[in-house]
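Coordinate inspection notes
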Amino acid sequence: MSVLDADAPELDLAGHSFVVRGPSALKGTLGVSGAKNSVLKLMAATLLAEGTYRISNVPRITDVGLMAELLRAIGCEVAVYSPGATGAADAFSSSAETVCSPDATGAADAFSSSAEDVCSPGATGAADAFSSSAEDVCSPGATGAADAFSSSAEDAGGSLVIDVPAQIEPVAPRNIVDRFRASIVVLGPMLARCGKAVVALPGGDDFGHRPIDMHLQGLARLGVESETVDGYVHARAQELRGDTIRLDFPSVGATENLLMAAVRAAGTTVIDNAAREPEVVDLCEFLVKMGARIQGAGSSTLTIEGVEDVERFGPADHCVVGDRIVAATYLAAVGIASGEITVTGVNPDHLAVLCGKLADMGMEVSVDDRSISAAVSSRLSSAKFSTLPYPGVATDLKPLLVALLATTDGVGSVTENLFAERFRYVDDLRAMGADIRIDSHHVVIEGTGRLSAARVKAHDIRAGAALVIAGVGAQGETVVSDAHHIARGYDDLAGKLRSLGADVSLSRS
Ligand code: UD1
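What you see is a predicted model; the values in this text were computed from it and never measured. (Residues numbered from 1 in each chain as written. Predicted model: local features only at pLDDT ≥ 70, side-chain atom pairs only at ≥ 80, totals over all residues.)

**Examining the overall build of the protein chain**
Across its full length, the protein chain carries 16 helices and 24 strands. Considering the protein chain as a whole, with its 509 residues, one finds that 57% of them fall into the buried category. Counting only contacts in the protein chain whose residues sit at least 6 apart along the sequence, the fraction spanning at least 24 positions is 78%. (Helix = DSSP H or I, 4+ residues; strand = E, 2+ residues; numbered from the N terminus. Buried ≥ 20, exposed ≤ 12 C-beta atoms within 10 Å, placed from the backbone. Contact = placed C-beta atoms within 7 Å.)

Below is the structure:
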């Protein structure tokens, strides 16, 4: 194995492993950048109107590159800037270096680009309404991401500049869509813009069947007819018309797709039992900046008054909300490895339930506006967790919590209520000495104190990160293969853990 340059950004980690030599107590301050689960939706939302969009606090993760590739296949120009190239001002100058090559558009040729396929709204949108003041680029607002990043340039995420043309091709090809689940959210905005869309059924994390029936049923209420042929959803609407949609479950992706279709529909749409996640709120804020009329963001009922006049809808600047799941990853890490850390760039309100539970377990937790500090000096007590839609403990945290509970004192459990098959990492933690039993959708964990090193495999983003942080607290050298899964959602996990004193590197397997 050859060790990569310690400063190399973790972007393309195919064929790489994380190598973790533990145990190390963690100490220091680190910043998290914007949330993967928000930035991908903001990128999709740009399809709603022609013009230039500037998005800051963007995490350096491979899923952003994939969404950029998808937007290019649809006809947009996308430049992705790493934090080094940024400072918002530099990133937004046309001379700044483009990190993702604009010619990497994938095999859009599989689809005809005949005039018929190309969608032209016949109007230019409100590009001129676009303002680029510093405040717009990264303003605090309700999302709490804001000037957390001014404290240290190192903490800042990267930036995106997206140019959406007057004509887009509303086709999302399989070779790109297959590679990440969030790609399905281009469906709503493409329908709103073009009245038609062809989208391959999405791929994504390796934790079971992930249907899109709620997306399609909700769109049908807005007047969309769709059929699935050969793994592609073909959707069309003569006219999008507002209606009341009651979701069976507060699905994040369905809420977002419906929101993005409804903002340009005729009349009023009400989404009942909508998802309340901070990333959905971030999308609402972005859409409102673009001209949308949305009430109830962050509540279970979203009321959207459609804006049909294309002149009243245009591009915007936005600073992505801080990644609460990444922040929680570092809190779990200090719970496992002990020490004292401060995580900046996250709104503590977005992790209130988790922080309360961690405090009950014995972690000293304190918060201010945009940071969370955590200190652990002795073994934590076990606890019972249950994953739920926001504001509950996120399902994405489950593998991280199972890894944490494997080291705590007593018997703990995590009950999964969203993705029944999300258990693939359990055998890997067992290989590290964890005592874990699966009982239906419950995971019961007998805390064993320190884990031991092993060669294990990342099965998805969070499961992989859980194994890396388990390795930080374990005795010996843990090798986590398939590092590319982790790079889909973590911006420089190895570098950030190293900045806290852990011995983590990347190697070619
Ligand atoms: C998003 C997040 C993911 C997170 C999840 C739940 C992104 C890119 N991903 O995924 O990290 O774990 O929210 O917080 O933002 N369901 C259906 N039919 C549908 C849609 C969903 O049955 O049409 C079910 C799913 O199988 C799952 C539950 O609803 O059991 C929640 O899924 P959903 O909230 O839609 O998750 P995603 O948006 O895919």
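**Considerations on the sheet that holds strand β17 (residues 371-376)**
Pairing is mixed across the open sheet formed by four strands, whose spatial order is β2-β15-β17-β16. On the outer flanks of this sheet lie β2 (26-31) and β16 (364-368), each paired with one strand and no other. Pairwise comparison of adjacent strand axes, ignoring direction, gives a mean angle of 10° for this sheet. Taken together, the five bridges between β16 and β17 define a ladder with antiparallel strand orientation. Residue pairing in the sheet places V367 in a bridge with I372 of β17. This element, helix α10 (residues 324-337), spans β2, β15 (339-344) and β17 of the sheet and lies at about 175° to β15. (Pairing = 2+ DSSP bridges. Axes fitted to C-alpha atoms, helices over the stretch in contact; angles between N-to-C directions.)

**Details of the site of the ligand**
Residues in close proximity to the ligand total 20 residues, the closest being N37, M214, S251, V252 and G253. Broken down by secondary-structure element, the contributors of at least two residues to the shell around the ligand are α1 (36-45), α7 (213-221) and α8 (252-262). Counted by class, the shell around the ligand contains 11 nonpolar, five polar and four charged residues. Two domains share the shell around the ligand, each providing at least three of its residues, namely domain 1 (16-32 + 323-508) and domain 2 (36-319). (Near = placed C-beta within 6 Å. Nonpolar A, V, L, I, M, F, W, Y, C, P; charged D, E, K, R; others polar. Domains from an automatic or database assignment.)

**Concerning the sheet that holds strand β23 (residues 476-481)**
Spatially, the four strands line up as an open sheet ordered β22-β23-β1-β24, and their pairing is mixed. The strands lining the two open edges of the sheet, one partner per strand, are β22 (455-457) and β24 (503-508). Geometrically, the sheet is characterised by an average inter-axis angle of 25° between neighbouring strands, direction not taken into account. Across six bridges, strand β1 (residues 16-22) lies against β24 in antiparallel orientation. Counterpart to F18 in the pairing with β24 is L506. On the sheet, helix α14 (residues 461-473) packs against β1, β22, β23 and β24 and is oriented at approximately 25° with respect to β1.

**Considering the nonpolar core**
In this structure, L191, V402, A403, I469 and A470 are the most contacted members of the largest nonpolar core, which totals 167 residues. In terms of residue count, α10 provides more of this core than any other element does, 11 residues in total. Counting contributing residues per domain, this core is built from domain 1 (16-32 + 323-508) and domain 2 (36-319), each supplying no fewer than three. For A470, the residues in contact, after removing those within four places along its chain, are I336, A403, A406, L429, M432 and L451. (Core = buried A, V, L, I, M, F, W, Y, C linked by C-beta atoms within 7 Å.)

**Quick word on the packing of α7 against α8**
Put simply, α7 and α8 touch, their axes get as near as 8 Å, and they point 25° apart. Taken as axis vectors, α7 and α8 run roughly parallel relative to one another. As for how α7 packs across α8, the hand of that crossing is right-handed. Residue-level inspection shows M214, H215, G218 and L219 of α7 in contact with α8, the latter providing G253, A254, N257, L258 and A261. Grouping the amino acids of the contact of α7 with α8 by side-chain chemistry returns five nonpolar, four polar and no charged. (Parallel < 35°, antiparallel > 145°, perpendicular 65-115°, else oblique. Left-handed = near helix turned anticlockwise from the far one by under 90°.)

**Quick word on helix α6 (residues 187-194)**
Given 3.6 residues to a turn, an α-helix orients residues that are three or four positions apart in the same direction. Within α6, eight of the eight residues are buried, leaving the element largely enclosed by the surrounding structure. Packing partners of the buried residues in α6 comprise α1, β7 (196-200), α7, β9 (232-236) and α8. A positive phi of about 75° marks G195, the residue just after α6.

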